[in-house]
Amino acid sequence: MAVASARHILVKTREEAEKLKKQLDKGADFAQLAKKHSTCPSGKKGGDLGEFRPGQMVRAFDDVVFKKEVLKIHGPVKTSFGFHLIQTIYRN
């Protein structure tokens, strides 16, 4: 069974997510932005969600973590929680 580790930044609007993504693309620190802007409790830990398996997160989130390029920042990804910027740390 596959397992992955990821971190994310969750915000309410696509515009806010896109603004943060531009900062990340210019070299901003992911963990610091997560602590400052993320509405998810994981924000306190720099957005770190730890290790999880397929099906533990909502489908749109899983699709990024288990199918897209590792270490690249993906998003904004819309879910019922808001808009995510997602970075898969590792997957096996």
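Structure's up top.
Quick notes on the rules
Residues numbered from 1 in each chain as written. Predicted model: local features only at pLDDT ≥ 70, side-chain atom pairs only at ≥ 80, totals over all residues. Heavy atoms only, no water. Helix = DSSP H or I, 4+ residues; strand = E, 2+ residues; numbered from the N terminus. Expected span 1.5 Å × (residues − 1). Buried < 20%, exposed > 50% of the residue type's maximum accessible area, 1.4 Å probe, protein only. Arc of directions from axis to C-beta. Contact = heavy atoms within 4.5 Å. Polar contact = N/O pair within 3.5 Å; in protein donor to acceptor, adjacent residues only side chain to side chain. Core = buried A, V, L, I, M, F, W, Y, C linked by side-chain atoms within 4.5 Å.

Chemist: When you look at helix α1 (residues 14-25) in this model, what are you seeing that I'm missing?
Modeler: Side chains of residues three or four places apart in an α-helix project in the same direction, reflecting 3.6 residues per turn. Taking 1.5 Å per residue as the helical rise, α1 with its 12 residues ought to reach 16 Å, and the 16 Å between its terminal C-alpha atoms agrees with that figure. Along α1, the positions that sit buried rather than exposed are Ala17, Leu20, Lys21 and Leu24. The buried residues of α1 occupy one face: seen down the axis, they fall within an arc of 105°. Exposed positions of α1 whose direction lies more than 90 degrees from the buried face are Glu15, Lys19 and Lys22. Buried residues in α1 make contact with β1 (4-11), α2 (30-37), β3 (73-79) and β4 (82-91).

Chemist: I tried to follow the side chain of His8 on my own but got confused; where do I start?
Modeler: Tracing the backbone through its elements, the reader meets His8 in strand β1. Since its relative accessible area comes to 4%, His8 is described here as buried. Among the polar contacts made by the side chain of His8, one reaches the side chain of His84 at a distance of 2.9 Å.

Chemist: I would appreciate a short explanation of the environment of Phe83 in the present structure.
Modeler: As for its placement among the helices and strands, Phe83 is situated in strand β4. Through-space distance from the C-alpha of Phe83 to that of Ala31 is 17 Å; in sequence the pair is 52 residues apart.

Chemist: Please explain the nonpolar core as it appears in this structure.
Modeler: Soluble globular proteins tend to pack their nonpolar side chains together in the buried interior. Within the largest apolar cluster, 11 residues are counted, these being Ile9, Val11, Ala17, Leu20, Leu24, Phe30, Leu33, Ala34, Ile73, Phe83 and Leu85. Sorting the residues of this core by element identifies β1, α1, α2 and β4 as the ones contributing at least two each. Discounting chain neighbours no more than four positions away, the residues touching Ile73 are Lys21, Leu24, Phe30, Leu85, Ile86 and Gln87. Counting residues in each nonpolar core, the second largest holds nine residues, with Ala6, Phe61, Val65 and Val77 among its members.

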